[in-house]
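Fold and contact review
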Amino acid sequence: MESSKLWVLLNGLMSYFLSIALVYQMSPFFPKYAMETAGASAGEVGVIFAVLPGAAFLAAVPAGEAIVRFGPKRMLTLGLFGVACSSLMFGLSSSTSAWLFWRAWQGISSAFINSSISCTFAKAFPGPQEFAYVNGLQKAVASLGFALAPMLGGVLFSLGGFFWPFGASAICHLVFVALSCFVPGGGAPTAAAIKEPLLEREAPQHVSVREIWYKDVMLLLPACILVPAFWGAFDPLIAGHLHAALGITDSETTGALMAIPAYPAAVLNAVVAAVMARLRPDSIALFGLLLLVVAELGLALTDPGSEVGMHFNLYPEPGSPQQWTWQITILLLCGMGASFTWSPPMPDMMQKAANRIADQRRLSHEAAVEAVSPAVATVFNGAAAIGEAAGPILGGVLYNVCGFSGTFLTMAFVFLAYCGFLLANRLLQRPAPAPSRPKLAGAGLSLERALHEAAATLGDMMAGDPEGSASSEP
């Protein structure tokens, strides 16, 4: 790999890790701290958590338009600086309203970071296989952030209090503001490049979201919503489930168990690119969805409140070896299913959209990828933000209505419905068997030709030219 591409890759992956860590670092300590110091209710704490992905969703389209106009490099720097400032102010705040404001600012800045990273990777690694590989590394880094951020946030909070996790986050983002200035490329297209597009390379011809909104391009878009929504509902509910099922009470053991899904995900996300070279992306996503369905059914049936699980003796004694085996297996399935479902959508959407635009505008594949990358990044990151924001809210509502078991049973049915859609789409795309009628049609055409030649020959004979049939044309 060229040194310039390696630098782009490392800078993008580390920036993405910081973006993911920002979401999860305050999970272990913020709810209790906000309730004790600011009198925040559980509902207000949930809104503070949800406002970041909600703001990121609202900012996804403006971020994509800004990237088209000013280039991903400048927007990445702007996003990193915005997160640094808002993280610093979040750590210095002590009221619910201030936390909501700065959390929303973090979400807006994160939208610019995530979309800029996606566009930069698409431009630096335009090949289908290399982009899928880089996308897998990006998702692996996200899994590491999911596993490490709560632990690091809890340690910093224990050492220095509420400000330390956010101050450290601000410093790290400022460091990458400086480093991003040295990332090659990523600027807006120059006037010379637009006037003379064929001297070196084709000028970017960016497209809108509407131009790539086709069924085949957006086939895996629901997966971009379902996986973050699953994790959004999983995070606030799984601790109570593990306490009841395993009989544990200490936060250290709970945190270690909650990090289990991230480890297989970190490995498999980097491997999915190789699998995509052999299998269709929707087949890989379908397999991941089925694994998640099994995991969701396992969570529902092994919960102490599950009557079905008790009836079939799926709920052993709390803390028993069988129960530990059940729960660890389920957590591993969560990570495996999420990795197979989460990795294929972005490369699949990017390549299908690029192929369409390349055919429509007669562009090279590299130019088409660069043209569609802002729109694809807008759609993908916007869908993920919807899932991140909706997951905790819907999970809380379902938990209040039907309990832990009913929540994950409902999610399993939703995931199964989408699996059915993907299967139906595969069946409809299969080529139909060759019908037998063309043979009859061919025979009919041959008979018609023979009759026509016979009539021509008879006419020639009647005209006195018996040899004329040899040169007659039908």
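Conventions adopted
Residues numbered from 1 in each chain as written. Predicted model: local features only at pLDDT ≥ 70, side-chain atom pairs only at ≥ 80, totals over all residues. Heavy atoms only, no water. Salt bridge = Lys/Arg side-chain N within 4 Å of Asp/Glu carboxyl O. Helix = DSSP H or I, 4+ residues; strand = E, 2+ residues; numbered from the N terminus. Buried < 20%, exposed > 50% of the residue type's maximum accessible area, 1.4 Å probe, protein only. Expected span 1.5 Å × (residues − 1). Phe/Tyr/Trp six-rings, centres within 6.5 Å; stacked < 30°, edge-to-face > 60°. Lys NZ or Arg CZ within 6 Å of the ring centre and 35° of its normal.

Turning to the pattern of salt bridges, a few remarks are in order. Here the structure, examined in full by the defined rule, presents five salt bridges. The partner of Asp216 in a salt bridge is Arg356, with the nearest N and O atoms 3.4 Å apart. One end of the pair, Asp216, is in the loop between helix H8 (191–195) and helix H9 (221–246); the other, Arg356, is in helix H15 (residues 345–361), and 140 residues separate them in sequence. Residue Arg356 is classed as partly exposed on the basis of its relative accessible area, which comes to 28%. Taking the shortest distance from any N to any O, the salt bridge between Asp282 and Arg280 comes out at 2.8 Å. With relative accessibility at 6%, the residue Asp282 sits in the buried group. Using a relative accessible area of 36% as the deciding quantity, one classes Arg280 as partly exposed.

Here we come to helix H12 (residues 281–301). The terminal C-alpha atoms of H12, which comprises 21 residues, lie 30 Å apart, in line with the 30 Å expected from a rise of 1.5 Å per residue. By the criterion of burial, H12 is predominantly enclosed, with 15 of the 21 residues buried.

Moving on, we get to unusual backbone geometry. The phi dihedral of Arg362 is positive, around 55 degrees, even though this residue is not glycine. Relative to the assigned elements, Arg362 resides in the loop between H15 and helix H16 (365–429).

With that settled, consider the packing of aromatic side chains. Each aromatic ring pair is characterised by the separation of its centres together with the angle its planes make. Under the definition given, this model contains 28 aromatic pairs. Through pairs of rings, three or more aromatic residues link up here, namely Phe29, Phe30, Tyr33, Phe49, Phe90, Trp99, Phe157, Phe162 and Phe166. A cation over an aromatic ring shows up here: Arg356 above the ring of Tyr214, its NZ or CZ 3.8 Å from the ring centre.

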